[in-house]
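Each chain, letter by letter, is given below.
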Amino acid sequence: YETLTEKARTNFIKIDGVFLPEDYKQIADAVENFEVRDDDVWVCSFQKSGTTWTQEMVWGICHELNFETAKAPINERFPFLEFSGVITTARVAMRDNNTSVPSWVLNSVEFCDNLPSPRYIKCHLPFNLLPRQIRTGEKKPKIVYVSRNPKDVCISFYHHSKLLEGYCGNFEEFCELFLGDHVFYAPYWNHVNGYWDRSNMENLLLLRFEDMKMDLSSVIRRTAKFLGKNLSNDEVKLLADHLSFAKMKNNTSVNKKTTIEYINNMKVFGEQKSEGEFIRNGGVGQWKEAMSERMVNRFDEWIAKYSKH
Ligand code: A3P
């Protein structure tokens, strides 16, 4: 993995076995000691598992489908707790103390800390790195965890890394990094199993991307029930329409178009252009087209060895 630092444009460290950019150290204590509130709603996931989709669903359910409230950028209304410690643009801004950058980027933990209740928080940390008050059960926010077939996650993650992290390796190399637990937040199975092992925690709802694809309405109903909300059939239909792939792709509050423009205008990755879209393909089983037979076999062995649920 010697080339990783160069290809991913950062140094990495391991904290409690989790692979993270080195700059995460600067916020690790603040995350550990973060003051959680019982009326928080958290959306947690391994990156590229359908986080944004789930956030938008949770937001709609909790705001009586008032889509006006959903027009603000998603990172402002549903901030990403550890943003400043992991995302390249934020880490660069943080290092340069670039105060013209919004505080949900520059100091995401403090931003979350200052939000009025009820808060909506996104987080990609595995259970073992969540704030202490959640791990110990001292605070019981509602947590919605979404997971996705790891082969599709890997493909989506590869495109994401090129688009938003300046990754300059090829797909085969990325697969090796993924299987070798050398991508942000890896190991993948520590992540998924860490939440699924706790399926009996009453404040945790486990969702799958594939179920959302297959029957979004019933996932909306399950999630609404978990969040203590009642939606009529018409409301479920309306929300499912708002959450459709085509609508999300054109929704500037969630599609990260401005971030992509910022990366290109500021040349965050030098001459490497950020090309493509964040809401990209959204398919189930993309690996059938995108992965070589050899790689599919490698993944299958890896899945058979570590998957528990
Ligand atoms: P692809 O890259 O496979 O297209 P995350 O929000 O966790 O980063 O996940 C992003 C993935 O969710 C992307 O997958 C994106 O296209 C997909 N996604 C987002 N909104 C979606 C929707 N409404 N329907 C289907 N997939 C969606």
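Residues numbered from 1 in each chain as written. Predicted model: local features only at pLDDT ≥ 70, side-chain atom pairs only at ≥ 80, totals over all residues. Heavy atoms only, no water.

**Student:** Before we move on, could you go through empty space enclosed by the protein and cite the residues and values that matter?
**Tutor:** Over the atoms rolls a probe the size of a water molecule, and in doing so it shows where empty space is left. Enumeration over the complete set of coordinates arrives at 1 cavity of 30 Å³ or more. Around the largest cavity, the lining is made up of 13 residues, and of these Ala-8, Phe-12, Ser-161, Phe-174 and Phe-184 lie nearest the centre. Every element with two or more residues in the lining of the largest cavity is listed here: α10 (150–164) and α11 (171–179). Here the residues of the lining of the largest cavity sort into 9 nonpolar, 3 polar and 1 charged. (1 Å grid on protein atoms, 1.4 Å probe; cavity = no way out; pocket = protein on both sides within 12 Å on 5 of 7 lines; lining within 4 Å. Points joined across faces, edges and corners; volume = space filled by probe spheres on them. Helix = DSSP H or I, 4+ residues; strand = E, 2+ residues; numbered from the N terminus. Nonpolar A, V, L, I, M, F, W, Y, C, P; charged D, E, K, R; others polar.)

**Student:** For the nonpolar core, give the residues involved together with the corresponding values.
**Tutor:** When a protein is soluble and globular, its nonpolar side chains tend to lie buried together. Among the nonpolar cores identified, the biggest contains 67 residues, and Trp-42, Phe-178 and Met-291 are the most heavily contacted of them. By residue number, the principal contributor to this core is α11, which donates 6 residues. Excluding residues within four positions of it along the chain, Trp-42 makes contact with Phe-34, Val-36, Leu-81, Ile-121, Cys-123, Leu-130, Pro-131, Ile-134, Pro-141, Lys-142, Ile-143 and Val-144. Within the second largest apolar cluster, 39 residues are counted, among which are Leu-65, Leu-207, Val-254 and Phe-269. (Core = buried A, V, L, I, M, F, W, Y, C linked by side-chain atoms within 4.5 Å. Buried < 20%, exposed > 50% of the residue type's maximum accessible area, 1.4 Å probe, protein only. Contact = heavy atoms within 4.5 Å.)

**Student:** For the environment of Arg-298, give the residues involved together with the corresponding values.
**Tutor:** Locating Arg-298 in the fold gives a position in helix α19 (residues 293–306). Overall, Arg-298 belongs to the partly exposed group, its relative accessible area being 30%. Between the C-alpha atom of Arg-298 and that of Cys-175, which follows or precedes it by 123 residues, the distance is 9.7 Å. Those residues within four positions of Arg-298 in sequence are excluded, and the remaining contacts are Glu-176 and Leu-179.

**Student:** Describe unusual backbone geometry, naming the residues involved and giving the relevant values.
**Tutor:** Look at the link from Ser-117 to Pro-118: it is a cis peptide, with omega at -5°. Among the structural elements, Pro-118 can be located in the loop between α8 (108–114) and β4 (120–123). The phi dihedral of Asn-97 is positive, around 45°, even though this residue is not glycine. Checked against the element boundaries, Asn-97 lands in the loop between α6 (88–95) and α7 (103–106). A residue is classified by how much of its surface remains accessible, and Asn-97, at 54% relative accessible area, is exposed.

**Student:** Could you give an account of the pattern of salt bridges, naming the residues involved and the relevant values?
**Tutor:** The final tally for this structure, using the stated rule, is 18 salt bridges. Among the salt bridges present, the one from Asp-23 reaches Arg-91, with a minimum N-O distance of 3.7 Å. Of this pair, Asp-23 sits in the loop between β2 (18–21) and α2 (25–32) while Arg-91 is found in helix α6, placing the two residues 68 residues apart along the sequence. Arg-91 shares its class with Asp-23; the two are buried. The salt bridge involving Asp-40 is made with Arg-119; its shortest N-O contact spans 2.8 Å. In this pair, Asp-40 sits in the loop between α2 and β3 (41–45) while Arg-119 sits in the loop between α8 and β4, placing the two residues 79 residues apart along the sequence. (Salt bridge = Lys/Arg side-chain N within 4 Å of Asp/Glu carboxyl O.)

**Student:** Describe in detail the sheet that holds strand β6 (residues 204–208), supporting the description with residues and values.
**Tutor:** In space, the 4 strands of this open sheet follow the order β4-β3-β5-β6, with parallel pairing throughout. Looking along the sheet, the strands with just one partner apiece sit at the ends: β4 and β6. Adjacent strand axes in the sheet meet at a mean angle of 20°, parallel and antiparallel pairs treated alike. The pairing of strand β5 (residues 142–147) with β6 spans 5 bridges and is classified as parallel. Considered in β6, the bridge of Ser-147 is made with Arg-208. Its contacts with the sheet place helix α12 (residues 188–196) against β3, β5 and β6, and it is angled at close to 135° to β5. Across the face of the sheet, helix α14 (residues 216–226) comes into contact with β5 and β6 while running at roughly 170° to β6. (Pairing = 2+ DSSP bridges. Axes fitted to C-alpha atoms, helices over the stretch in contact; angles between N-to-C directions.)

**Student:** Account for the packing of aromatic side chains, with residues named and values stated.
**Tutor:** When we look at a pair of aromatic rings, we describe it by the centre distance and by the angle of the planes. On inspection of all chains with the given rule, the structure shows 26 aromatic pairs. Centre to centre, the rings of Phe-127 and Tyr-195 are 5.7 Å apart; their planes meet at 85°, and the pair counts as edge-to-face. Pair noted here: Phe-127 is in the loop between β4 and α9 (132–135) and Tyr-195 is in helix α12, with a separation of 68 residues, a long-range link. We classify Phe-127 as buried; its relative accessible area is 5%. Look at Tyr-188 and Trp-302: their rings are 5.8 Å apart centre to centre, the planes differ by 40°, and that puts the pair in the tilted class. Of the two residues, Tyr-188 is situated in helix α12 and Trp-302 in helix α19; the sequence distance between them amounts to 114 residues. Each of the two residues, Tyr-188 as well as Trp-302, counts as buried. Here the aromatic residues Phe-46, Phe-157, Tyr-158, Tyr-167, Phe-171, Phe-174, Phe-178, Tyr-188, Trp-189, Phe-299 and Trp-302 are joined through ring pairs into a cluster of three or more. Sitting over the face of the ring of Trp-59, Arg-77 holds its NZ or CZ atom 5.1 Å from the ring centroid. The aromatic ring of Trp-287 is capped on one face by Lys-151, whose charged end is 3.8 Å from the ring centroid. (Phe/Tyr/Trp six-rings, centres within 6.5 Å; stacked < 30°, edge-to-face > 60°. Lys NZ or Arg CZ within 6 Å of the ring centre and 35° of its normal.)

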